[in-house]
Amino acid sequence: MTAMAEHTSQMSVEEFEELSRLAEKQLEGVRLEFVNGRIGVKHVPDGDHVEIVTWLQEQCMQHRPDLRLYSAEHGLTIQTYRKGRARPDSSLAPKGYFKGRRDWADASGVLMTVEVTSYDTDTHRRDREEKPAAYAAAGIPVYLLIDREFGKLVVHSGPDAETGAYTDVHELRLGSAVDLPDPVGFKLDTAELLDFLR
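Residues numbered from 1 in each chain as written. Predicted model: local features only at pLDDT ≥ 70, side-chain atom pairs only at ≥ 80, totals over all residues. Heavy atoms only, no water.

## With respect to the sheet that holds strand 10 (residues 142-147)
Paired through backbone hydrogen bonds, the strands of a sheet run either parallel or antiparallel to each other.
Step number 1: As summarised here, the arrangement of the 6 strands in space is 4-7-9-10-11-12, forming an open sheet in which the pairing is mixed. Both outer strands of the open sheet, strand 4 (67-71) and strand 12 (165-173), are each paired with one neighbouring strand and no more. Taking each pair of neighbouring strands and ignoring which way they run, the sheet shows an average axis angle of 20°.
Step number 2: Across 6 bridges, strand 10 lies against strand 11 (residues 152-160) in antiparallel orientation. Counted as the bridge partner of Tyr143 is His156 from strand 11.
Step number 3: Along the sheet, helix 3 (residues 123-137) makes contact with strand 9 (112-116), strand 10, strand 11 and strand 12, crossing strand 10 at roughly 165°. (Pairing = 2+ DSSP bridges. Helix = DSSP H or I, 4+ residues; strand = E, 2+ residues; numbered from the N terminus. Axes fitted to C-alpha atoms, helices over the stretch in contact; angles between N-to-C directions. Contact = heavy atoms within 4.5 Å.)

Pasting the structure below:
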C-alpha cells in the first residue's frame, strides 16, 4: 500500500535512506520506499488489509513452521533493480532472517514477497508493474499479489534477473486453492478471503 510520487527521484540511495530515517521520526504512521527511482509513501493499512496479512501469517505458520512471514516494517534492498529499497506488505523468510539487520535487509534469503492491493490511484503501477519487476530482478523466488480490486490472486514465480520479470505468472479468482511453488511449497486455500471483497 504505497502512494508513489509522480516524478522520478534524482536522489542517491544514501540520500533516500537519510530522508527515510528523518521521515519516520517526524511522520507517525508513514514509511518511505524507493522503487524504480521513485519515492513511495507507505501509509498505515486499512483493517481489511491487516486481517488479510494476519490470515496469511497463520497459513504460513501452519504449513511452514520453519519460516516466518515478516511484516512491512522490514524493508528490503533490491540492489539489482536501480539500487531500490522496497517495503513489501510481507516477506516470507527463514526464522531469524532479520535478526541484527537494520532498516534495509538484503533480499537474497527471502523466499516470497506479498503485496495486498489498496484502493488508491497508484496500485496498478506499484503492485502490478513496479513491484513484480523489482522482486524478480532481486531473485525473490515467489511474489504473491492479493488483488482486492479485481478479486484475484496472482502468483509470480521463476524470477529472471536479466529481464527483471517472472517467467511464470498464474492468476486465479480469490476463493480458489493454489499451490504456491517451491521453495514456498504448500497449498493455499483462499476461500476465507472472499469476505474481504468489496
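That was the structure; now back to the text.
## Observations concerning the pairing of strand 12
Step number 1: In the sheet, strand 11 pairs with strand 12 via 8 bridges, with the strands oriented antiparallel. Bridging from a neighbouring strand, Pro159 pairs with Tyr166 of strand 12.

## A word on the nonpolar core
Step number 1: Membership of the largest hydrophobic core comes to 25 residues, with the highest contact counts inside it found for Leu56, Met112, Leu144, Ile146, Leu180 and Leu188.
Step number 2: Broken down by secondary-structure element, the contributors of at least two residues to this core are helix 2 (47-63), strand 4, strand 9, strand 10, strand 11, strand 13 (177-180) and strand 14 (186-189).
Step number 3: Counting residues per element, this core draws most heavily on helix 2, which supplies 5 residues.
Step number 4: What Leu56 contacts, discounting residues up to four positions off in sequence, is Leu69, Val114, Leu144, Ile146 and Leu188.
Step number 5: Grouped together as the second largest cluster of nonpolar side chains are 18 residues, Leu76, Ile78, Ala86 and Ala105 included. (Core = buried A, V, L, I, M, F, W, Y, C linked by side-chain atoms within 4.5 Å. Buried < 20%, exposed > 50% of the residue type's maximum accessible area, 1.4 Å probe, protein only.)

## Re helix 3
Step number 1: Here helix 3 spans 20 Å end to end across 15 residues, near enough to the 21 Å set by a 1.5 Å rise per residue.
Step number 2: Gly139, located one to two residues past helix 3, shows a positive phi value of around 80°. (Expected span 1.5 Å × (residues − 1).)

## Some thoughts on the packing of aromatic side chains
Step number 1: Here the structure, examined in full by the defined rule, presents 3 aromatic pairs.
Step number 2: A ring pair is formed by Tyr70 and Phe98, whose centres lie 4.7 Å apart and whose planes are at 65°; its orientation type is edge-to-face. Linking Tyr70 in strand 4 with Phe98 in the loop between strand 7 (90-94) and strand 8 (104-106), this pair joins segments that are 28 residues apart in sequence.
Step number 3: When its relative accessible area of 8% is taken as the criterion, Phe98 is described as buried.
Step number 4: Ring plane angle 90° and centroid distance 5.2 Å describe the contact between Tyr97 and Phe98, whose orientation is recorded as edge-to-face.
Step number 5: The class for Tyr97 is buried, based on a relative accessible area of 11%. (Phe/Tyr/Trp six-rings, centres within 6.5 Å; stacked < 30°, edge-to-face > 60°.)

## A look at the environment of Ser108
Step number 1: When you line up the elements, Ser108 lands in the loop between strand 8 and strand 9.
Step number 2: Ser108 sits in the exposed class, given a relative accessible area of 59%.
Step number 3: Here the alpha-carbon distance between Ser108 and Thr77, two residues 31 residues apart in the chain, equals 9.1 Å.
Step number 4: At a separation of 2.3 Å, a polar atom in the side chain of Ser108 contacts the side chain of Asp106. (Polar contact = N/O pair within 3.5 Å; in protein donor to acceptor, adjacent residues only side chain to side chain.)

## Points about the pairing of strand 9
Step number 1: Burial runs high along strand 9: 5 of the 5 residues are buried.
Step number 2: Both faces of strand 9 are covered, namely the face carrying Met112, Val114 and Val116 and the face carrying Thr113 and Glu115.
Step number 3: The sheet contact formed by strand 7 and strand 9 spans 3 bridges and is antiparallel. When the bridges of strand 9 are listed, Leu92 appears paired with Met112.
Step number 4: Here strand 9 pairs with strand 10 via 5 bridges, running parallel. Within strand 10, the position partnered with Val114 by the bridge is Leu144.

Treat this as a map of the structure, not an account of what it does.
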